[in-house]
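Chain residues, written in single-letter form:
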Amino acid sequence: MATRPAAAEGELKPESGGGGGGGVGEKKRKGGALPLEVGTRVNCRWRDGKDHPVKVIERRRMQGGGPNDYEYYVHYTEFNRRLDEWVKLEQLDLDSVETDVDEKVEDKATSLKMTRHQKRKIDESHVEGHEELDAASLREHEEFTKVKNIATIELGRYEIETWYFSPFPPEYNDTMKLYFCEFCLNFMKRKEQLQRHMRKCDLKHPPGDEIYRSGTLSMFEVDGKKNKVYGQNLCYLAKLFLDHKTLYYDVDLFLFYILCECDDRGCHMVGYFSKEKHSEEAYNLACILTLPPYQRKGYGKFLIAFSYELSKKEGKVGTPERPLSDLGLLSYKGYWTRVLLDILKKHKSNISIKELSDMTAIKAEDILNTLQNLDLIQYRKGQHAICADPKLMERHLKAAGRGGLEVDVSKLIWTPYKEQG
Amino acid sequence: MSRLSFRPRPLDIHKKLPIVKSVKDFEDEDTPTTATTTSTRNSQLLRLAAEADNEGGGGGGVQQVTIKKSVSEIPTPQFVVVDSYERDYSRTFSQPTSYLRGRGARAELGEFVEYDLDNEDEDWLVDFNNERKIITPEKLENLLFKLEVLDHKTRERAGVITPTLGSPIPVLLQLEAAYEALQSLSVRYAIFQSVYNYWKAKRERWQKPVLRRLQPPPPVNDTNPYNVFRPREKAHRLHTRRMQRRENNVQSFEKLRQVRRNLDQAKTVLEALIKREEKKREVMECEVSIQRIQMKYKNETQLIEDGLALGQFPCKYASSEDDFADSDDMMNSRQRVRPASVHNPIFTDSKLVMVPPGRLKQELRSQPLSHGWLHRKDPNAPVFLFTRPVDPEKLAAAGIRPPSDPPLENGGTAPLFRFRGRIGRGGRIIFDRCNSLLQNQIGHDITSFVPSDSRPPHG
């Protein structure tokens with residue numbers, strides 16, 4: 001790959017050796033001068049070494065650079081916003097800066113003719129996973145969350161790259177990295193501050209009751225009202241990895257279920273889910289997150305299964321709060337598929353959707369959607385029927401992925417939350 | 001669903017569905033393959049993935065590919081291991097056999113120093129210490145923490161604690177009071193004073209407490225999206241109907257008062273509405289009376305002109321409403337006409353004799369029958385409204401004769417009936433039969449129409 005010549009503002013440098021170009025002599029660049037304007041579309045080299053189309057979201061002057069040296073915060077249009085990042089000018093292919101011609105193209109999916117800009121908007125909205133938000137909320141959401149503030153965090157054993165903006169207090173706007181105490185989740189700007197904190201922090205597990213323990217896996221229940229600072233810290237932390245989480249309201253009305261792996265250093269959080277104390281819409285889960293270092297190990301599915309076990313103990317049917325993230329939706333579909341198909345494989349006689357719902361605490365609507373999406377509900381001879389062909393079931397089960405870690409209900413010691421006095 | 005040509009009945013979740021073990025049962029019914037239906041129903045994500053891979057194959061294949069594709073779109077998170085971890089985190093945790101119980105928040109226990117030095121504090125300390133180690137970071141941390149707590153207590157006692165962040169929060173704690181309260185920390189006064197001044201200056205810059213726990217949340221109506229953790233009213237409980245969850249506070253009271261006001265206003269409006277409708281009815285009745293009187297008056301003058309009036313108050317004809325009450329009263333037989341039909345002005349100009357529908361019941365009753373009727377000399381004069389006198393010659397010319405007397409039931413042939421012809425509504429020619437009982441009234445040219453049911457006459 002040819003190196004990209006750095007160009008000072010307004011000045012055009014001839015291309016040096018290597019790729020494509022002609023000899024000496026000024027070559028006019030498409031798309032205008034530097035610094036690039038916000039909204040510019042251009043190709044950028046990503047961590048995989050290849051060029052990808054991006055859109056410039058923000059720009060800022062480089063610290064210690066010249067008056068015309070800028071860094072650019074870009075959004076990779078093919079990917080989710082979590083991959084947005086600050087890049088240097090060198091990573092951008094200035095030859096690919098787009099001029100603003102809005103040509104007509106044909107959308108392959110619908111065979112409709114539309115302008116390039118219109119098509120782009122549709123394609124990008126598919127990838128974003130924002131289908132469930134209406135247009136106005138989406139705009140508003142994107143507007144104030146467009147630039148990640150904290151890029152990296154240190155939490156316990158791992159240093160993790162963040163995915164999304166999180167509304168930390170304004171005092172923290174001047175830093176790109178935060179250090180979290182892994183037990184009380186207090187956050188600090190410098191490593192020394194964290195180390196000092198660790199010397200005095202006596203917490204070795206989440207502040208709350210342990211309600212489940214099986215092997216090295218433990219689940220703690222934390223009341224947002226009793227441990228407000230912890231609850232808020234957890235929300236700040238989780239927001240870094242959840243796009244649509246909102247911190248608008250206080251944590252008082254929530255319970256937090258923290259999943260931990262325990263060893264001789266303490267109970268280390270691997271993931272959590274939050275739940276409203278009282279939900280009108282029968283939500284049995286508000287936000288769910290497995291921390292990045294622990295993903296793809298079955299913890300997420302454990303959390304989902306656990307949320308339904310709580311619902312069963314409460315005697316209520318439940319459903320996760322929408323919108324679900326792309327990862328979340330996948331996990332839930334997998335869970336619903338496995339649970340329902342396991343029952344259908346073994347069940348002998350007829351069964352109603354309501355019965356399935358009572359057995360699993362899964363909302364009837366979710367059951368119906370799952371079975372319909374798997375094409376297991378057919379209409380024949382004037383009535384509906386469920387297809388439980390073993391081969392078909394196996395195929396679906398395989399596609400749904402492995403089950404997560406199992407919840408051993410006998411190890412759950414818990415009574416549903418009750419308001420005190 | 002499989003067929004697009006008709007829509008199946010919606011699925012009832014309470015109804016037991018048969019579980020069919022074989023796919024073949026469905027294939028007999030000529031359902032399309034799963035692939036098509038999958039693609040018509042799946043979310044945008046799956047469809048997009050299917051297109052991207054140009055996959056059109058079997059159902060399971062699409063599922064597998066789509067999941068793989070969406071997984072590959074979700075990038076693997078980037079993380080590395082912190083090398084100082086083993087040093088920073090000591091292996092001092094021993095898990096008890098029973099499940100751990102949570103204790104209250106550390107703030108409540110009071111011992112723990114909740115405050116951690118931030119960048120400003122550390123930088124100031126380095127300056128202040130100036131290589132001399134005047135105070136340790138832990139000491140500074142402790143001092144700042146205690147100053148914050150003491151200031152909070154001072155503001156509490158002064159009654160200025162706000163539940164949400166409205167205006168800047170000034171420092172109320174005085175240096176002397178602070179020093180006295182923190183004597184046990186055995187800090188030299190000069191040092192204490194420096195720390196106090198630094199802290200106070202910081203507070204002035206921040207305009208709010210430095211310790212996060214003591215910072216009031218933003219007000220509920222603050223729309224700045226960067227401000228978080230607004231207090232939420234316990235709206236959840238209000239929405240449930242359970243009585244024990246009902247709030248009993250000023251807001252509920254105000255709301256109930258408002259409800260009461262609204263109900264009172266609604267009541268007033270309804271009462272006014274009733275009055276209006278009653279007035280309307282009265283107006284209507286008055287108009288009707290006026291019309292009747294007008295008609296009567298018009299008719300009177302016409303009759304006088306026609307020379308038919310006999311000096312009595314001639315026209316007492318009941319309206320149809322009154323008829324029903326008096327339908328059995330033969331003495332006061334009267335015409336039944338619809339009042340509405342009188343209002344047609346066309347007829348007032350014709351040579352028809354209008355029989356006004358309205359009448360003054362009281363007057364009729366008080367007068368003997370002979371006065372109550374319009375005496376017409378001409379037996380052929382029409383009695384009903386809109387009727388014309390019948391011209392017997394014309395009828396004969398057209399071949400219409402009055403019907404002959406029917407035979408008596410017992411075989412007699414006494415003419416019991418006399419037929420009177422007239423032209424009725426719509427131009428019909430009607431021969432009325434006069435009832436034998438009323439023969440004495442025939443001369444008066446009465447046709448009493450006594451409906452056996454209470455329906456008004458139709459033309």
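The structure presented is a predicted model; accordingly, all values stated were derived computationally and were not measured.

1. Section: the environment of Leu324(A)
All names here are of chain A. With respect to the element layout, leucine 324 can be found in the loop between β18 (319–320) and α6 (326–346). On the accessibility criterion, leucine 324 (10% relative accessible area) is buried. In the structure, leucine 324 is positioned 80 residues away from histidine 244 in sequence and 8.4 Å away in space, judged by C-alpha atoms.

2. Some points on helix α12 (residues 250–306) of chain B
Two residues of an α-helix separated by three or four positions point the same way, owing to the 3.6 residues in each turn. The end-to-end C-alpha distance of α12(B), which contains 57 residues, comes to 83 Å, matching closely the 84 Å that a straight helix rising 1.5 Å per residue would cover. All of the buried residues along α12(B) are Ser252(B), Arg292(B), Met295(B), Lys296(B), Asn299(B), Gln302(B) and Leu303(B).

3. Comments concerning the confidence of the model for chain B
Residues and elements named next belong to chain B. Per-residue confidence for chain B averages 69 on the pLDDT scale, and 54% of its residues sit at or above 70. Scored below 50 in pLDDT, residues 439–457 shows 31 contacts in the model against residues more than four places distant or in partner chains. The ipTM assigned to the predicted complex is 0.70, against a pTM of 0.61.

4. As for the UniProt feature "coiled-coil region" (unreviewed entry) in chain B
In the UniProt entry, the feature "coiled-coil region" (unreviewed entry) is given for residues 256–287 of chain B. Structurally, residues 256–287 of chain B comprises 100% helix and 0% strand, and the distance from its first C-alpha atom to its last is 46 Å.

5. Details of the environment of Gly271(A)
Residues and elements named next belong to chain A. Within the secondary structure, glycine 271 sits in strand β15 (residues 266–276). Separated by 29 residues in the primary sequence, glycine 271 and glycine 300 have C-alpha atoms spaced 7.5 Å apart. Once residues lying within four places of it in the same chain are set aside, the contact partners of glycine 271 are Tyr257, Ile258, Leu259, Leu289, Thr290, Leu291 and Leu303.

6. Some words on the UniProt feature "active site" (unreviewed entry) in chain A
All names here are of chain A. In the numbering used here, UniProt assigns the feature "active site" (unreviewed entry) to Glu321. By secondary structure assignment, the location of glutamate 321 is in the loop between β18 and α6. Contacts of glutamate 321, omitting those with residues within four sequence positions, involve Glu276, Tyr283, Leu285 and Ala286.

7. With respect to the side chain of Thr175(A)
Residues and elements named next belong to chain A. Following the sequence through the fold, threonine 175 ends up in the loop between β9 (158–161) and β10 (177–180). Within the local environment of threonine 175, its side chain forms a polar contact with the backbone oxygen of lysine 177, the two atoms lying 3.0 Å apart. Those residues in contact with threonine 175 that sit more than four places away from it in its chain are Asn149, Ile150 and Lys189.

8. Focus on the side chain of Gln378(A)
All names here are of chain A. Here glutamine 378 is to be found in strand β20 (residues 377–380). The buried category is assigned to glutamine 378, whose relative accessible area is 9%. Polar side-chain contacts of glutamine 378 include one of 3.1 Å to the backbone oxygen of aspartate 375.

9. Observations regarding the packing of helix α7 (residues 353–360) of chain A against helix α8 (residues 364–373) of chain A
Residue and element names in this part refer to chain A. At a closest axis distance of 9 Å, the pairing of α7 and α8 adopts a crossing angle of 115°. In this view, α7 runs roughly perpendicular relative to α8, as classed from their interaxial angle. Pair α7 / α8 crosses with right-handed handedness. Along the contact surface, α7 presents Ile353, Leu356, Ser357 and Thr360, while α8 presents Ala364, Ile367, Leu368 and Leu371. Broken down by class, the residue content of the contact of α7 with α8 amounts to six nonpolar, two polar and no charged.

10. Re the sheet that holds β10(A)
Two orientations exist for strands paired in a sheet by backbone hydrogen bonds: parallel and antiparallel. Ordered in space as β11(A)-β10(A)-β8(A)-β9(A)-β3(B), the five strands form an open sheet in which the pairing is mixed. Whereas interior strands pair on both sides, the edge strands pair on one side only; in this sheet they are β11 (187–188) of chain A together with β3 (79–81) of chain B. The pairing of strand β8 (residues 152–155) of chain A with β10(A) spans four bridges and is parallel. Bridging across to β10(A), Ile153(A) finds its partner in Leu178(A).

Conventions and cut-offs
- Residues numbered from 1 in each chain as written.
- Chains lettered and ligands numbered in written order.
- Predicted model: local features only at pLDDT ≥ 70, side-chain atom pairs only at ≥ 80, totals over all residues.
- Heavy atoms only, no water.
- Helix = DSSP H or I, 4+ residues; strand = E, 2+ residues; numbered from the N terminus.
- Buried < 20%, exposed > 50% of the residue type's maximum accessible area, 1.4 Å probe, protein only.
- Expected span 1.5 Å × (residues − 1).
- pLDDT = per-residue confidence, 0-100.
- Contact = heavy atoms within 4.5 Å.
- UniProt positions renumbered as here; feature names shortened; annotations may be inferred.
- Polar contact = N/O pair within 3.5 Å; in protein donor to acceptor, adjacent residues only side chain to side chain.
- Axes fitted to C-alpha atoms, helices over the stretch in contact; angles between N-to-C directions.
- Parallel < 35°, antiparallel > 145°, perpendicular 65-115°, else oblique.
- Left-handed = near helix turned anticlockwise from the far one by under 90°.
- Nonpolar A, V, L, I, M, F, W, Y, C, P; charged D, E, K, R; others polar.
- Pairing = 2+ DSSP bridges.

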